[in-house]
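Residue-level structural notes
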Amino acid sequence: MKSAHVGLWLHVLSTTAVLVSAFDPFTTTVLVGVGAALSRSIYNYLHENCDHKWIAFNATGLEASLQTKLFGQHIASHIILKAVSGFMSNDNPKKPLVLSLHGWTGTGKNYVSSLIAESIYKEGMDSKFVHVFTSELHFPHASQMDTYKTQLQQWIKGNVSSCAQSMFIFDEMDKMHPGLIDSIKPYLDYYDKVDGVSYRKAIFIFLSNAGGESIIQTALDFWNAGRDRDEMELKDLETSLSLSVFNNKRSGLWHTSLIDKNLVDFFVPFLPLEYRHVLQCAKAAMEARGLKPDPAVADKVARDLVYFPKSERVFSVKGCKTIESKLDFYT
Ligand SMILES: *[C@@H]1O[C@H](CO)[C@@H](O)[C@H](O)[C@H]1NC(C)=O
Ligand SMILES: *[C@@H]1O[C@H](CO)[C@@H](O)[C@H](O)[C@H]1NC(C)=O
């Protein structure tokens, strides 16, 4: 028995030796190469990369989330779906996509940006290719504007160089220094390349309250005339929106030639939200927490918010913004 075992082991060992010696340097190189490629693809599988595995636009997904997760914004939904789908299906866009979202606080501008990000990047807002800049956080001091300009240009250039399909979201655009907006202009334009880098596949999203008041006025006019809000069209808002954006000295965009040069592809208005929309937000928030949407709780939450104008109480002052904390209180 024992000698048979030893014999077997010897046989295994010698076979292994023959096998090993059969691996000439070339085969070894190939094997190591295969191993490296394998570990590289495992790495790529686990770590976000600038390729189609991590960046792939889902038009159906965007349409579905705009329909089911964004409330009271039929105009914005429509424009965004068309704009983003059109841009993403174009293999050779002539300029980056530039969206400017306007509307009062809590109406869904930030939220829509995250829905767009989720429809393009597997990692959504957590993607390393999605960059958010907030004026008061990233560029707070007017005295350091020159440093900020250089830094912002380097960031945009660096990020687009490493991934053409990068997305940049500028929050509080109305608080941004005009000089800073000017400094990003070359990247938004119809250039083939700027300093050897093409920006044509990037997406820029500007968020601001600019024009919010004129949008509210139009919505209020509709309401006062007894007209259905859903009948409101972009053209009903366009004139007042562009006038208020152009003429408002506080809001940044108009100091620059972003508009004159047509660098902004789409102005997207966000309407003020009514009680019924807040109700929808509250129900959706409960669902997102894994709770069964409770109409009574949703009603309490919605009634807790402040509405304006004072007499008619039509629109929520903060939109759907404080829903989460109210829910904490009522559930
Ligand atoms: C796109 O989105 C739809 C709707 O959310 C989803 O059912 C589908 O699986 C998504 N497709 C891909 C390729 O992720
Ligand atoms: C990309 O942008 C971020 C800011 O969002 C910045 O911190 C980073 O340095 C940039 N990357 C490159 C390569 O420039």
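Just so we're clear, the structure is a prediction, and the values are computed from it rather than from any experiment.

Parameters at a glance
Residues numbered from 1 in each chain as written. Chains lettered and ligands numbered in written order. Predicted model: local features only at pLDDT ≥ 70, side-chain atom pairs only at ≥ 80, totals over all residues. Heavy atoms only, no water. Helix = DSSP H or I, 4+ residues; strand = E, 2+ residues; numbered from the N terminus. Expected span 1.5 Å × (residues − 1). Buried < 20%, exposed > 50% of the residue type's maximum accessible area, 1.4 Å probe, protein only. Pairing = 2+ DSSP bridges. Axes fitted to C-alpha atoms, helices over the stretch in contact; angles between N-to-C directions. Contact = heavy atoms within 4.5 Å. Near = heavy atom within 4 Å. Polar contact = N/O pair within 3.5 Å; in protein donor to acceptor, adjacent residues only side chain to side chain. Areas by Shrake-Rupley, 256 points an atom, 1.4 Å probe, with all protein chains shown as cover. Nonpolar A, V, L, I, M, F, W, Y, C, P; charged D, E, K, R; others polar. Core = buried A, V, L, I, M, F, W, Y, C linked by side-chain atoms within 4.5 Å.

Let's shift gears to helix α11 (residues 275-288). For α11, with 14 residues, the first-to-last C-alpha span of 20 Å sits near the 20 Å given by 1.5 Å per residue. Residues of α11 that are buried include every one of His277, Val278, Leu279, Cys281, Ala282, Ala285 and Met286, and no others. Downstream of α11 by a residue or two, Gly290 has a phi angle that is positive, lying close to 80°.

On to the sheet that holds strand β5 (residues 266-270). Pairing is parallel across the open sheet formed by five strands, whose spatial order is β2-β3-β4-β1-β5. The sheet is open, and its two borders are formed by β2 (130-134) and β5, each paired with just one other strand. Adjacent strand axes in the sheet meet at a mean angle of 15° when their direction is disregarded. Bridge count for β2 against strand β3 (residues 167-171) is five bridges, and the pairing is parallel. If you follow His131 over to β3, its bridge partner there is Phe168. Strands β1 (97-103), β3 and β4 (203-208) of the sheet are contacted by helix α8 (residues 178-188), whose axis makes an angle of about 145° with β4.

Before going further, it helps to examine the site of ligand 2. Surrounding ligand 2, one finds His131, Phe133, Gln154, Trp155, Gly158 and Asn159. Between ligand 2 and His131 there is a distance of 3.1 Å, counted from an oxygen atom to a side-chain nitrogen or oxygen. Within the side chain of Asn159, a nitrogen or oxygen atom sits 2.3 Å from an oxygen atom of ligand 2. Look at ligand 2: alone it shows 360 Å² of surface, and the protein chains cover 55% of it. Among the elements of the structure, β2 and α7 (145-162) are those that each provide at least two residues to the shell around ligand 2. Residue classes in the shell around ligand 2 are distributed as two nonpolar, four polar and no charged.

This brings us to the nonpolar core. Ranked by internal contacts, the top residues of the largest apolar core, which has 42 residues, are Ile80, Val84, Leu101, Ile116, Met167 and Ile205. Per-element accounting of this core gives the leading share, eight residues, to helix α4 (residues 74-88). Leave out the neighbours within four places in its chain, and Met167 touches Ser113, Ile116, Ala117, Tyr121, Phe129, Val130, His131, Ile203 and Ile205.

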